[in-house]
Amino acid sequence: MADQEIPAFYCIEPFSRFVYYAGDKPWSNEPLSVKDDLIFWPDAGYPTFTNQEHWSAFTGEFEDSYGIGVYVPNETTFLTGVFERGETTDTDPSIAGPTSYIAVVKQHEMKSYEPFSYDFYLATGTADEIRTEFKTLETSGE
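Nothing here was measured: the structure is a model prediction, and the numbers come from that model.

1. Here's the deal with the overall build of the protein
For the protein, the helix and strand inventory stands at one helix and nine strands. If you list the helices and strands of the protein from N to C, you get β-β-β-β-β-β-β-β-β-α. Of all 142 residues assigned to the protein, the portion counted as buried reaches 39%. Long-range contacts, defined as pairs at least 24 residues apart, comprise 74% of the intrachain contacts of the protein with a sequence gap of at least 6. As presented, the protein carries roughly 8000 Å² of accessible surface, and 48% of it is formed by carbon and sulfur atoms.

2. Side note on helix 1 (residues 127-140)
Helical periodicity: at 3.6 residues per turn, an α-helix aligns residues three or four positions apart in one direction. Taking 1.5 Å as the rise per residue, helix 1 with 14 residues should run 20 Å; its terminal C-alpha atoms sit 20 Å apart, in good agreement. Among the residues making up helix 1, those that are buried are Ala127, Ile130, Arg131, Phe134 and Leu137. Projected onto a plane normal to the axis of helix 1, the buried residues spread over an arc of 120 degrees and lie on a single side. Summarising the geometry of helix 1, the exposed residues directed more than 90 degrees from the buried face are Asp128, Thr132 and Thr139. Residues of helix 1 that are buried sit in contact with strand 2 (17-20), strand 5 (55-59), strand 6 (67-71) and strand 9 (121-125).

3. Some words on the confidence of the model for the protein
When the pLDDT values of the protein are averaged, the result is 86; 89% of them are 70 or greater. Within the protein, strand 9 carries the highest mean pLDDT (95), whereas strand 1 (residues 2-12) carries the lowest (84).

4. Describing the layout of surface pockets
Considering only enclosed or pocket space, the largest pocket measures out at about 160 Å³ in volume. Lining the largest pocket we find Arg17, Val19, Leu32, Val34, Thr59, Phe62, Glu63, Thr126, Ala127 and Asp128. Those elements that place two or more of their residues in the lining of the largest pocket are strand 2 and helix 1. Per-class residue counts for the lining of the largest pocket are five nonpolar, two polar and three charged.

5. Brief notes about the sheet that holds strand 4 (residues 48-50)
Strand order across the open sheet formed by four strands is 1-8-7-4, with antiparallel pairing between neighbours. Unpaired on one side and paired on the other, strand 1 and strand 4 mark the two borders of the sheet. When strand polarity is set aside, the average angle formed by the axes of neighbouring strands in this sheet is 30 degrees. Strand direction decides the pairing type here: strand 1 and strand 8 (residues 99-108), joined by nine bridges, are antiparallel. Paired with Ala2 across the two strands is His108, which belongs to strand 8.

Rules used in this analysis
Residues numbered from 1 in each chain as written. Predicted model: local features only at pLDDT ≥ 70, side-chain atom pairs only at ≥ 80, totals over all residues. Heavy atoms only, no water. Helix = DSSP H or I, 4+ residues; strand = E, 2+ residues; numbered from the N terminus. Buried < 20%, exposed > 50% of the residue type's maximum accessible area, 1.4 Å probe, protein only. Contact = heavy atoms within 4.5 Å. Areas by Shrake-Rupley, 256 points an atom, 1.4 Å probe, with all protein chains shown as cover. Expected span 1.5 Å × (residues − 1). Arc of directions from axis to C-beta. pLDDT = per-residue confidence, 0-100. 1 Å grid on protein atoms, 1.4 Å probe; cavity = no way out; pocket = protein on both sides within 12 Å on 5 of 7 lines; lining within 4 Å. Points joined across faces, edges and corners; volume = space filled by probe spheres on them. Nonpolar A, V, L, I, M, F, W, Y, C, P; charged D, E, K, R; others polar. Pairing = 2+ DSSP bridges. Axes fitted to C-alpha atoms, helices over the stretch in contact; angles between N-to-C directions.

Below, the structure written as structure tokens:
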């Protein structure tokens, strides 16, 4: 058994505000949690966050900023961080080094020649729009 990233994705560092639901009443529109100070995940000790709504996102620095989120049905553990936080330069962010990272983590034993599959979904928008999109998937049974 080992942690598997199902999936891991990286986005540009201007999307560096980590947004997720930390409560225990999923899909009840309780407030979201925000982490504005994440650093490079190995340097931070591989921080994981639990989310009973099965999604998390990185957005820009403001409440109404746009971003990108990932949803994996039935999975609750997210490993996350920001590489080279705050080292954005005048370089086009799409080719610069700073990046934000999310991995949905699941304990799984990989067996030789045995297929392993999972579903994941991405959404863009504000944190509230991303949450609404993923709630639609959750309640539709996706």
